[in-house]
Amino acid sequence: MWSTAREIASGDLTRDLVQPLVVTPGKEFNSKYGNYRHSDFVGLPYGSKVGSHAGKGYIHVLRPTPELWTMALPHRTQILYLADIAFVTAHLNIKPGSRVIEAGTGSGSFSHSVARTIGEAGHLWSYEFHETRVNKAREEFAEHGISHIVTLTHRNVCKDGFTVTNEVDAVFLDLPGPWDAVDHAKSAMKKDRETRICCFSPCMEQVMRTVNALNDAGFVDIKMFETLLRPHEVIQNPVMPTIAQAGEKLKKAEVRREEKRQRQMAASRSARMHDHGAKRKREDTLEQDDDPTDVANSKRVKVEDEGMADLAAAPNNNGAITANGRNMVEMSVGAGATSTLESSEPSAAKVAVSKVLPEVRGHTSYLTFASLLPAIQQSTS
Ligand code: SAM
């Protein structure tokens, strides 16, 4: 489970510790947690925990996914993280078979997730005007087996537009000036159905420029979202009794306490009678409500409470031993009604409770979405 601790502790996992690895028998993976032979990984189920040679550390070998790639990829630019990727994918209605444009490619974080979502039946046209980034992304797409799903083009899309016309269901623009690419995006989008666009901008001034460009180009249903992460702490709490149940339990506890008191008084009388003979016994019985006897009784109760063995060993006290065991638990837990209830009748039932932490994290940018309606619908509306 993820920790909710605020400070970094020794041994905490960081995303730096998620490392991509191409399993190559004959090679070794070396880290400060030990050395691992790649050949040892072959044939293991994904998710296996593998110990190091020296037996000091261990690693988990995980199946590569776009989520892990986003956590581990070499950053060449700022990237999209999973909260935004999921939101954009859902709100652009990207699904298996979708045809999608993204610009720019950057470090390829968004590209990997989209490639998985659209699958073999879909296609992603990705554009990037920084040549080194294009070459690196091309290498990675090939290594990860998604080259046939992604067409990567080295191009300035604000100046030169896209390479396809009336072709795509969705466009995602993660550029410094998306408004300059809005008209080009419109040409690339299908006109026989509703299509969607999303522009990712870091500040409100840029959002306003994008909204103006979208309005001018005839896009409708323009909405801006901000994705923020609010952690929920989920804990298991015992199910609390209703007021009626609590009242009933308190009554029972009261009856048990009274029974116990009676047993203690009887045990005390019996012990004294045994020790001092019949005459003294008669006097004790007559005096049982006087102060000195009360003191003796209360001392005796205290001894029981502390779990001393003498009472348990006392004659004529077998019934009290069993009862005493239960009562000691009640009393040692404390005088509070809740504690007594919980200790005398422990409840196995638990309920998951979610506490929303006040802190809000995760602002990266504003996401502006809009729709382009089919040409026929546009002309009649
Ligand atoms: N979405 C990407 C990801 O998740 O890895 C990150 C994109 S990065 C923030 C923006 C990229 O857009 C940069 O690599 C930049 O070189 C590229 N870019 C900026 N203006 C461009 C343009 N006019 N045409 C094509 N690419 C452009």
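If you're wondering where the values come from, they're calculated on a predicted model, not measured in any experiment. (Residues numbered from 1 in each chain as written. Predicted model: local features only at pLDDT ≥ 70, side-chain atom pairs only at ≥ 80, totals over all residues. Heavy atoms only, no water.)

Novice: Would you explain the sheet that holds strand 9 (residues 195-201) in this entry?
Specialist: Within a beta sheet, neighbouring strands are joined by backbone hydrogen bonds and run either parallel or antiparallel to one another. With mixed pairing, the seven strands of this open sheet are ordered in space as 7-6-5-8-9-13-10. The sheet is open, and its two borders are formed by strand 7 (150-154) and strand 10 (220-226), each paired with just one other strand. When strand polarity is set aside, the average angle formed by the axes of neighbouring strands in this sheet is 15°. Here strand 10 runs beside strand 13 (residues 366-372); their pairing, made up of five bridges, is antiparallel. Looking across to strand 13, one finds that Lys223 is bridged to Phe369. Contacts from helix 2 (residues 82-91) reach strand 8 (170-173), strand 9, strand 10 and strand 13, with the element oriented near 10° to strand 13. Contacts from helix 7 (residues 204-216) reach strand 9, strand 10 and strand 13, with the element oriented near 5° to strand 13. (Pairing = 2+ DSSP bridges. Helix = DSSP H or I, 4+ residues; strand = E, 2+ residues; numbered from the N terminus. Axes fitted to C-alpha atoms, helices over the stretch in contact; angles between N-to-C directions. Contact = heavy atoms within 4.5 Å.)

Novice: How do you make sense of the packing of helix 2 against helix 3 (residues 109-118) when you look at a structure like this?
Specialist: Between two packed helices, what matters for the description is the angle formed by their axes and the separation of those axes. Following both chains from N to C, one finds helix 2 and helix 3 inclined at 45°, their axes separated by 10 Å at the closest point. When the interaxial angle is binned, helix 2 and helix 3 end up oblique. Where helix 2 crosses over helix 3, the two elements pack in a sense that is right-handed. Residues Ile85, Val88 and Thr89 of helix 2 touch helix 3, and the partners they reach there are Ser109, Phe110, Ser113 and Thr117. Classifying every residue of the contact of helix 2 with helix 3 gives three nonpolar, four polar and no charged. (Parallel < 35°, antiparallel > 145°, perpendicular 65-115°, else oblique. Left-handed = near helix turned anticlockwise from the far one by under 90°. Nonpolar A, V, L, I, M, F, W, Y, C, P; charged D, E, K, R; others polar.)

Novice: Would you mind showing me how to read a nonpolar patch on the surface here?
Specialist: Where nonpolar side chains cluster on the molecular surface, the patch consists of Ile235, Val239, Val351 and Val353 and spans about 270 Å² of accessible area. As for its position among the elements, Ile235 is in strand 11 (residues 232-238). (Patch = residues over 30% accessible without salt bridge, like charges linked within 9 Å, V, L, I, M, F, W, Y side chains within 5 Å. Areas by Shrake-Rupley, 256 points an atom, 1.4 Å probe, with all protein chains shown as cover. Salt bridge = Lys/Arg side-chain N within 4 Å of Asp/Glu carboxyl O.)

Novice: Mind showing me how you'd approach the UniProt feature "binding site: S-adenosyl-L-methionine" (unreviewed entry) in the chain here?
Specialist: Per the UniProt entry, the sites bearing "binding site: S-adenosyl-L-methionine" (unreviewed entry) are Glu128 and Asp174 in this numbering. Sequence-wise these annotated residues cover 47 residues; spatially they are packed, their C-alpha atoms never more than 10.4 Å apart. Of the annotated set, the members that line the second largest pocket are Glu128 and Asp174. Looking at where Glu128 falls in the secondary structure, it is placed in strand 6 (residues 123-128). By relative accessible area, Glu128 is classed as buried at 6%. Among all residues touching Glu128, those that are not within four sequence positions of it are Gly104, Thr105, Gly106, Arg133, Val134, Thr153, His154 and Arg155. Relative to the elements of secondary structure, Asp174 occurs in the loop between strand 8 and helix 6 (182-188). Apart from the residues lying within four places of it in its own chain, the contact partners of Asp174 are Leu80, Ala103, Gly104 and Phe200. (UniProt positions renumbered as here; feature names shortened; annotations may be inferred. 1 Å grid on protein atoms, 1.4 Å probe; cavity = no way out; pocket = protein on both sides within 12 Å on 5 of 7 lines; lining within 4 Å. Buried < 20%, exposed > 50% of the residue type's maximum accessible area, 1.4 Å probe, protein only.)

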